[in-house]
Amino acid sequence: MLEGVAMKLSDICGYYNPSFFNMVLETEENIEVALNKYSATFAHEFIHYIQDIILPYNIRVNLSRLLWFSDIQQFALRNGYIMRPFNNWGDEAKTTILQFNMSIGNNSSECQFIDTVRNLGDAFVSYKEASGFDEAYSKQYRQFKIYKYSVCVNGKDTYNLGARDLMEYIAYKIETKHFETANRFHQLPYESIDLLFTHYGLTHVPDEIRLCIAEVCLYNDNPIRFLFLNFLENEEFKQGVKTLSYEEIYNKFLLLEFETVDGVKETIKHKTNRRLKQFESILSKHYTNFVGIKEWIQRVNIFAETELSERFIFSDLYKMDTNAFVEMISWMIDKIGLPLVLNNKEECVSLQSHQYNIDEFVQFYILQQFFVYALTATDVKGICPIYKFCRANGDICDIQCSSNLQIENIESRQCPYYRFLKSYGLLNVEMR
C-alpha cells in the first residue's frame, strides 16, 4: 500500500469520517489506482483511523454517535416517522452533543480553516453548565462545566480550538516527516500546536515532545482544556520541560492520572481499558445483526488492547524512520484492515486480509449517510441517501434501483439500505 518516501510528484486531499471507519481520497480516479498512487494522503487519513480505535476522546465520540442514533430510532419507533431535521433529543444526547460541539473545535463552516496566521492572541475561555449521569463512578447525576477555548487570529477572526486541532496536528506532523510530497495545509488547524507553543513561550520544546503532548491530551475528555491547564499555562511544566528528555517525558506521561469533578482519579491505562471495553460492548450490540462487523470489532479491540495501549503510538510512529513507518502501517492493515476507502464518485474498496464481507462494512457508510439525511432538511423528499453510492458500486448494490425510497421498490432487490432499515426496525418509518 505505502511505497516509502518521495515517490510521487504531487498528492491529493482526502478526509477520514470519524466514527464511521471510512476515508475518502478526493479524486475521480479509479479507487484502486488512487490507493497505490497517493501514499502521503492515505497515510495521513490512516492515522485518523488509528486515532479512532485507541484514543479515549475519539472512542467517546463514537459511542455518543450511537447514542444519538438510538434517540432517532426510538423516536421513530414510537411515532412512526422522523421529522427532518431531527431535533428530539433526550437529556443524555443533549449533553453529549453539547460536549462534542464545545470540545471538538472549529467544525462549523465559518472560519473553519485559516491559511496564514500572522498574529495569534491569548486564548479566552467560555463555558456552559450541564448535568449528566456518571455511569463510570458515582452512579448519580452531577453538575459540571463544559469549556470552550477560542483565540483571535490576525486581529479579526475568532477560531475555536479543540480536539480537531490536536488530531490534525498529529496526522500532519507524521505525514510531513515521512513524505516529501505531503500537501502543505492551512496553518489552522494543522499547525495549531506549533503556533500555540510559540505564543506561550515554548519554542524550545522539540517536535517529538510537542507531538507526545498532543497525543496525551486526547486521553482526556476535553483535550484542549487539558493542554492549557497542564502545559501551556502551567509554569511547573514550562520550567521542567527545559531539562527533561523525550524519553523521560514519555514515561512520565504514561503514569498520568485524570481527575473527575468528583475527585476520582483514573490512570491512562485504566481509562484506555475502560473505553476499549465500552467500544467492543456497545458497538457489538449496535451491529448485532452483522456477524462480519462484530468479528471485526472484536479483532480491532484485541489489537488496540495488545498493540496500541500502554504506549503513545503516534509519537512512536513519528519517531520511526520512514521504512519502519511504512512497514508498521502495512502490518496494521494486515492485522485489522480498513473497512472502506472511497473516491469522489463513491466507488469503494475494503482493505482486509481476512475474509470479511464488504457488504457488511457498507453499513458503516450507510449509518453516516443516514445521519446526514436525518439531521438536515432538503427540498427533495424520499430520495435514498445512498443512491449515488449504489450507482457507483454495482458489485454491491442493484444499480437498476430507482432513487425512490418506497419500500415496495427496494425490498426484493440487493439493497444494503433496505438491510439497514430492517435491522433497526425502520422499514415502515416515514421520513418527513
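Fair warning: this is a prediction, and the values are worked out from it, not measured in the lab.

Calculation notes
- Position numbers for residues count from 1 along each chain, tracking the sequence in the order it is written.
- Since the coordinates come from a predicted model, pLDDT governs what is reported: local features require at least 70, and pairs of side-chain atoms require 80 or more to be given and counted, while whole-chain, interface and lining totals use all residues.
- Water and hydrogen atoms play no part in the side-chain values, which are based on all heavy atoms of the structure.
- Burial classes follow relative accessibility: with a 1.4 Å probe on protein chains only, a residue under 20% of its type's maximum area counts as buried, one over 50% as exposed, and anything between as partly exposed.
- Here a strand is any run of E in DSSP of at least two residues, a helix any run of H or I of at least four, and the numbering for each starts at the N terminus.
- By definition, residues are in contact when any of their heavy atoms lie within 4.5 Å.
- Axis geometry follows a simple rule: fit a line to the C-alpha atoms, using only the stretch in contact for helices, then measure angles between N-to-C directions, giving values from 0 to 180 degrees.
- Any angle between 65 and 115 degrees counts as roughly perpendicular, while under 35 counts as roughly parallel, over 145 as roughly antiparallel, and the rest as oblique.
- Less than a right angle of anticlockwise turn of the near helix away from the far helix marks a crossing as left-handed, whereas a clockwise turn marks it as right-handed.
- Each residue is assigned to one class: nonpolar for Ala, Val, Leu, Ile, Met, Phe, Trp, Tyr, Cys and Pro, charged for Asp, Glu, Lys and Arg, and polar for all the others, Gly among them.
- Pairing between strands is defined by DSSP: at least two bridges between the two strands are required.
- Helix span is expected to be 1.5 Å times the residue number reduced by one.
- What counts as a ring pair is set by centres within 6.5 Å for rings of Phe, Tyr and Trp (its six-membered ring), and what kind of pair is set by the plane angle: stacked under 30 degrees, edge-to-face over 60, tilted for all other angles.
- Both a distance and an angle decide whether a charge sits over a ring: NZ of Lys or CZ of Arg must be within 6 Å of the ring centre and within 35 degrees of the ring normal.
- Salt bridge, as applied in this entry: a Lys or Arg side-chain nitrogen positioned within 4 Å of an Asp or Glu carboxyl oxygen.

**Section: helix α7 (residues 192-199)**
Phase 1 of the analysis: In terms of burial, α7 is largely enclosed, as six of its eight residues are buried.
Phase 2 of the analysis: Within α7, the full set of buried residues consists of Ser192, Ile193, Asp194, Leu195, Leu196 and Phe197.
Phase 3 of the analysis: For α7, the elements touching its buried residues are β6 (157-161), α5 (163-178), α6 (187-190), α8 (207-217) and α9 (223-232).
Phase 4 of the analysis: Looking one or two residues past α7, Gly201 carries a phi angle of roughly 75 degrees, positive in sign.

**Quick notes on unusual backbone geometry**
Phase 1 of the analysis: For the peptide bond that leads from Arg84 to Pro85, omega is -5 degrees, which places it in the cis range.
Phase 2 of the analysis: With respect to the helices, strands and loops of the structure, Pro85 is situated in the loop between β3 (81-82) and α4 (91-103).
Phase 3 of the analysis: Cis geometry is adopted by the peptide bond preceding Pro189, which originates at Leu188 and carries an omega value of 15 degrees.
Phase 4 of the analysis: With respect to the helices and strands, Pro189 occurs in helix α6.
Phase 5 of the analysis: At Asn154, a position not held by glycine, the phi torsion is positive, near 55 degrees.
Phase 6 of the analysis: Residue Glu310 is not a glycine yet carries a positive backbone phi of 55 degrees.
Phase 7 of the analysis: Mapped onto the fold, Glu310 is located in the loop between α13 (291-308) and α14 (313-319).

**Considerations on the packing of helix α3 (residues 56-79) against α4**
Phase 1 of the analysis: Here α3 crosses α4 at 140 degrees, and the two axes come no closer than 10 Å. On the basis of the axis angle, α3 is oblique to α4. Note on packing geometry: the crossing formed by α3 with α4 is left-handed. Along its contact with α3, which presents Tyr57, Arg60, Val61, Ser64, Arg65, Leu67, Trp68 and Asp71, the element α4 presents Glu92, Ala93, Thr96, Ile97, Gln99, Phe100 and Ser103.
Phase 2 of the analysis: Looking at the contact of α3 with α4, its residues break down into seven nonpolar, four polar and four charged.

**So, the sheet that holds strand β10 (residues 348-351)**
Phase 1 of the analysis: Across the sheet, four strands lie side by side as β1-β2-β9-β10; this open sheet has mixed pairing. Either end of the sheet is taken by a strand with one partner, and the two such strands are β1 (14-17) and β10. This sheet shows a mean twist of 20 degrees between the axes of neighbouring strands, independent of strand direction.
Phase 2 of the analysis: The sheet contact formed by β1 and strand β2 (residues 22-25) spans four bridges and is antiparallel. Counted as the bridge partner of Gly14 is Leu25 from β2.
Phase 3 of the analysis: Lying over the sheet, helix α2 (residues 39-54) contacts β1, β2, β9 (338-342) and β10, oriented at roughly 15 degrees with respect to β1.

**Remarks on helix α12 (residues 268-286)**
Phase 1 of the analysis: Over its 19 residues, α12 runs 26 Å from end to end, which matches the ideal 27 Å to within 8%, given 1.5 Å per residue.
Phase 2 of the analysis: Residues Ile268, Lys271, Thr272, Arg275, Leu276, Phe279, Leu283, Ser284 and His286 constitute the buried set of α12.

**Some words on the packing of aromatic side chains**
Phase 1 of the analysis: Tallied over the entire structure, the rule returns 40 aromatic pairs.
Phase 2 of the analysis: Through a chain of ring-to-ring contacts, the aromatic side chains of Tyr219, Phe226, Phe231, Phe237, Tyr246, Tyr250, Phe253, Phe258 and Phe312 assemble into a single cluster.
Phase 3 of the analysis: Above the face of the Tyr373 ring, Arg84 is positioned so that its terminal group lies 3.9 Å from the ring centre.
Phase 4 of the analysis: If you follow Lys271 out to its NZ or CZ, it ends over the ring of Phe258, 5.0 Å from the centre.

**Some remarks on the pattern of salt bridges**
Phase 1 of the analysis: Summed over all chains, the structure comprises 14 salt bridges.
Phase 2 of the analysis: A salt bridge links Arg210 to Asp194; the nearest nitrogen and oxygen atoms lie 3.0 Å apart. With Arg210 in helix α8 and Asp194 in helix α7, this residue pair connects regions lying 16 residues apart in the sequence. Asp194 matches Arg210 in its accessibility class, with the two residues each being buried.
Phase 3 of the analysis: Across the pair Arg274 and Glu266 runs a salt bridge whose closest N-O atoms are separated by 2.8 Å.
Phase 4 of the analysis: Each of Arg60, Asp221, Lys271 and Arg275 takes part in a single network of salt bridges with overlapping partners.

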